[in-house]
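# Fold and geometry: a report
Here is how the chains run, residue by residue.
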Amino acid sequence: MGAVIRQVTTADAATYRDLLTQVLGADYPDKQVYDESWILSQLTPGSDMETWVVESGGRLLASLSFLPPSLIDQNPIANLGRQLIRPESFEDGSAGELLKKVTDLTQQRKQHSVVRVLARNYREQVLFEKLGYACVGYQPFKHMNRVREGSLFYVRVARPELLARLPLSDALPQVKELSSLVLSNLNIPYPICIQDGTAGYPLQTETDCAETSIEEFENFRKLAPKDGIQTEISGSFNMGFGYLRTDGKVPFRAILGRRDGVVAAGLAYTVDPFDRCVRLVTSFAHDDLSLGSVLRHMLKVGQDQLSAAYVEVDILVTARRLLKTLEQLGFVPIAYLAEFYVQSKIYTDVVKMVKLNMVYSHDATEVTPSARIIVGIIDRNFQDQKLGIAIINLLRGLPIFEGLGDGELRKMARLFTQKLYRAGETIFGKGDSGNEAYVVMRGSIDILLEPENKPIATIGNGQILGELAFLDGAKRGAIARASQPSIMLIIQRSAFNMLAQQEPQLGMVVMRNIARELSNRLRKTTLAMAAMPK
């Protein structure tokens, strides 16, 4: 008997469970998927879940589902998932016929198709690529089954020619590189890039952040004038959990940020208990100062309280300030989704961003040549985050860098070079030009007014010196000499100035901190002089 492609019914419950167990094993984290009542709820005609199967001789060989959006929206997206494919269906072509049928349906409905394919599943990658799907992203450690594993994103567009793209910002180089490759893979002309000097939201402001109910969040969100809230997060895609996108019955959570007691910004998110991740859903802001602090607070909650392995969010490419803020906080773009959001008949691209709370390592599985290029870009960006992590941790504790996000600290860390000083070696002399600042990575540095004098101060591990002369290049007012073998981190003033021109928000924060430190020193000196006997 030949294979038949059709929609499932409740009569398929037993054979669907057998297919699921054969493909995923008996230890999938969400145990409800093996429960007959849950399977029946997913296969009932008229339910939100539309599932197609290929059957032969009363046995299901493969299945593929349309995952419903979390909210009723106009986004032209067919979110495919729950693909369960027996090995033999690759060989006899039945899996390909099923995918062709589902793809034809999405084209008839004028929907872009998107699907997650596990990076280890080479045969699935080949199957989707044969039917015109293009790899548009790669997310490491996305799903947890027996082990945590990465996932590729594949897309097939509904129309051969998409709408004209909006300009991209040169201030987002990682997004620019990924979008260029993805749009090329989709045969879409690349948009122009503009030098708009995009800066992120401030990360450290006088904003009090606290958890709240989703109901209170929505109340404050509705109070804002409609023209005062611009959509920046596209959170209406499927909100299921784990690889199978099941309903985990986990409520939404929210954070509100208040300035002077008045709600100024808010953020809603959900927690996936199976993949152990945080997913941002929506946000609002009544000013340009508060959202960065709310995001930073949420990341701390995710890492310290929820033990989230990662945080993910889908951002409209038009939300340049939010994209820049996420970059400053250490997020990496892992997928570029062309024309995935529509509002008032205006189509916008979406960037999927991820921040890992775990040590990154490359998933060394075999992927197709086209997917390998995408994986290479994203792997390089994550590998770049690992470089200099000891330096970043050191800089994070210095007052001069207070208020910088992980992404900004990483940019600062790239400017430092290391140098070993022997005991007794001079780091800088009195009267030398002040073109460098120094951080003691390991060792001890004496500060002297004259070579023969006793030290007036000693600088140890994790402390900075020379930063005040670094501010204006003035001549040194003292001598710095290593009292023991010491490893120093050195940053050139010219390199910092160049970075500050490219990242004015970063430069402003560092200069503000230097000014605050100088003010504190002058205040202490004034108090000490006032206390001296006259």
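So, here is what we can say about the structure in this document. Treat the numbers as computed from the prediction; the structure is a model and nothing was measured. (Residues numbered from 1 in each chain as written. Predicted model: local features only at pLDDT ≥ 70, side-chain atom pairs only at ≥ 80, totals over all residues. Heavy atoms only, no water.)

For the rest of this paragraph, the subject is the nonpolar core. Counting 97 residues, the largest nonpolar core has Tyr154, Leu186, Leu280, Met298, Ile315, Leu322 and Tyr336 as its most contacted members. Among the elements that take part in this core, strand S15 (residues 332-343) stands out by supplying 8 residues, more than any other. Of all hydrophobic cores here, the second largest spans 25 residues; its members include Ile391, Leu409, Ile464 and Leu506. (Core = buried A, V, L, I, M, F, W, Y, C linked by side-chain atoms within 4.5 Å. Buried < 20%, exposed > 50% of the residue type's maximum accessible area, 1.4 Å probe, protein only. Helix = DSSP H or I, 4+ residues; strand = E, 2+ residues; numbered from the N terminus.)

The next subject is the packing of helix H8 (residues 291-305) against helix H9 (residues 320-328). Two elements in contact, H8 and H9, have axes whose closest approach is 11 Å; the angle formed by their N-to-C orientations is 40°. Taken together, the axes of H8 and H9 lie oblique to each other. In this structure, H8 meets H9 at a crossing whose hand is right-handed. Each of Leu291, Gly292 and Leu295 in H8 lies in contact with H9, whose residues at this interface are Leu322, Thr325 and Leu326. Looking at the contact of H8 with H9 residue by residue, the classes come out as 4 nonpolar, 2 polar and no charged. (Axes fitted to C-alpha atoms, helices over the stretch in contact; angles between N-to-C directions. Parallel < 35°, antiparallel > 145°, perpendicular 65-115°, else oblique. Left-handed = near helix turned anticlockwise from the far one by under 90°. Contact = heavy atoms within 4.5 Å. Nonpolar A, V, L, I, M, F, W, Y, C, P; charged D, E, K, R; others polar.)

On to the sheet that holds strand S18 (residues 426-428). If you trace the 4 strands from one edge of the open sheet to the other, you get S18-S23-S20-S21, paired in antiparallel fashion. This sheet does not close on itself; its edge strands, each paired only once, are S18 and strand S21 (457-459). Ignoring which end each strand starts from, the neighbouring axes of this sheet average 30° apart. Direction of pairing for S18 relative to strand S23 (residues 479-482): antiparallel, over a ladder of 2 bridges. Bridge pairing in S23 places Phe428 opposite Ala480. (Pairing = 2+ DSSP bridges.)

So, about the pairing of S23. Where strand S20 (residues 445-448) lies against S23, 4 bridges are found, and the strand directions are antiparallel. Opposite Ile447, over in S23, you have Ala480 as the bridge partner.

Another point: helix H11 (residues 389-396). For H11, the complete set of buried residues consists of Ile391, Ile392, Leu394 and Leu395. Angular distribution of buried residues about the axis of H11 spans 160°; they occupy a single face of the element. (Arc of directions from axis to C-beta.)

Within the secondary structure, Ser486 is located in strand S24 (residues 486-492). Each C-alpha atom of the pair Ser486 and Leu448 lies 17 Å from the other, and the pair is 38 residues apart in sequence. Polar contacts involving the side chain of Ser486 include one to the main-chain amide nitrogen of Ser444, which spans 3.1 Å. (Polar contact = N/O pair within 3.5 Å; in protein donor to acceptor, adjacent residues only side chain to side chain.)

Right, let's get into the pairing of strand S2 (residues 50-56). Summarising burial for S2: 6 of the 7 residues are buried, a large majority. For strand S1 (residues 4-7) and S2, the ladder comprises 4 bridges, and the chain directions are antiparallel. By the bridge assignment, Arg6 is partnered in S2 with Val53. From the end of S2 to the start of strand S3 (residues 59-67), which pair antiparallel, there are 2 residues, and Gly57 there has a positive phi angle of about 60°.

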